Amino acid sequence: MEHSNQFEKGLENRKKVLGAAHVEKAWAAADDFNRPMQKLVTEYCWGEIWGDPTLPFKTRSMLNLAMLTAMSQHHELASHVKGALQNGVTKDEIRAVLMQASVYCGVPLALAAFRVATQAINAHEAEAGRA
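Residues numbered from 1 in each chain as written. Predicted model: local features only at pLDDT ≥ 70, side-chain atom pairs only at ≥ 80, totals over all residues. Heavy atoms only, no water.

On to the layout of surface pockets, then. Approximately 530 Å³ is the volume found for the largest pocket. Lining of the largest pocket is provided by 23 residues; of these, V41, C45, W46, E76 and H80 occupy positions nearest its centre. Elements with a contribution of two residues or more to the lining of the largest pocket: α1 (5-18), α2 (20-29), α3 (35-49), α4 (57-70) and α5 (74-86). Residue contributions to the lining of the largest pocket peak at six residues, all from α3. When grouped by side-chain class, the residues that make up the lining of the largest pocket number 12 nonpolar, eight polar and three charged. Summarising the domain contributions, the lining of the largest pocket has at least three residues from each of domain 1 (5-48) and domain 2 (57-129). Approximately 250 Å³ is the volume attributed to the second largest pocket. Counting residues per element, the ones that place at least two in the lining of the second largest pocket are α1, α5 and α7 (107-130). The residue inventory of the lining of the second largest pocket, partitioned by class, reads three nonpolar, six polar and four charged. Both of domain 1 (5-48) and domain 2 (57-129) provide at least three residues apiece to the lining of the second largest pocket. (1 Å grid on protein atoms, 1.4 Å probe; cavity = no way out; pocket = protein on both sides within 12 Å on 5 of 7 lines; lining within 4 Å. Points joined across faces, edges and corners; volume = space filled by probe spheres on them. Helix = DSSP H or I, 4+ residues; strand = E, 2+ residues; numbered from the N terminus. Nonpolar A, V, L, I, M, F, W, Y, C, P; charged D, E, K, R; others polar. Domains from an automatic or database assignment.)

Another aspect to go through is the domain arrangement of the protein. Considered domain by domain, the protein is made up of domain 1 (5-48) and domain 2 (57-129). Computed from C-alpha coordinates alone, the two centres of domain 1 and domain 2 are separated by 21 Å. Taken together, the contacts link six residues of domain 1 with six residues of domain 2. Contact with domain 2 buries surface across domain 1, with K16, V17 and L18 losing the most and accounting together for 75% of the total. The interface formed by domain 1 and domain 2 includes zero salt bridges. At the boundary of domain 1 and domain 2, one finds zero residue pairs in polar contact (both at pLDDT 80 or more). In terms of residues, the side of domain 1 that touches domain 2 owes the most to one element, α1, which gives four residues. Residue composition of the side of domain 1 that touches domain 2, grouped by class: three nonpolar, two polar and one charged. (Contact = heavy atoms within 4.5 Å. Buried area = accessible area lost by both parts, 1.4 Å probe. Salt bridge = Lys/Arg side-chain N within 4 Å of Asp/Glu carboxyl O. Polar contact = N/O pair within 3.5 Å; in protein donor to acceptor, adjacent residues only side chain to side chain.)

Moving on, we get to unusual backbone geometry. One non-glycine residue, S72, lies in positive phi territory at about 55°. Within the secondary structure layout, S72 lies in the loop between α4 and α5. On the accessibility criterion, S72 (35% relative accessible area) is partly exposed. (Buried < 20%, exposed > 50% of the residue type's maximum accessible area, 1.4 Å probe, protein only.)

Right, let's get into α1. With 14 residues, α1 ought to run about 20 Å at 1.5 Å a step, and its terminal C-alpha atoms sit 20 Å apart, in line with that. Within the span of α1, buried status applies to F7, G10, L11, N13, R14, V17 and L18. Among the structural elements, α2, α3, α4 and α5 are those in contact with the buried residues of α1. Among the residues trailing α1, G19 stands out with phi positive, at a value near 95°. (Expected span 1.5 Å × (residues − 1).)

Attention shifts here to the state of the cysteines. In total, this model carries zero disulfides according to the counting rule given. In this model C45 remains outside any disulfide bridge; the closest cysteine sulfur is found in C105, 19 Å from its own. (Disulfide = S-S within 2.5 Å.)

Listed below in structure tokens is the structure:
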């Protein structure tokens, strides 16, 4: 599969936020059926949107935490909490985002997001301690 400059830019951004190991694992696991979706996400989400310099990665991470909480997409939230920490979002800022989400999105969604975020923060800190 031929890769565009947008794909390469997206792959770089995706690795910066989610970590090279996570991204390489996702790409290696792609098959003929889902590889086109991985390519689309890498080019447009990570290349086009995350590649737009208008918003810094830290801001984009906080937006993602709020949106993923609102949509109850906790399987994606955990990796984006780790990415947010990588992008300089503090635990206090993550808490503030989730607290605000509780008011605008609903307490049950925010409580679930706190559970996922706590596990992701603990995993991130454990990984950082091993480095």
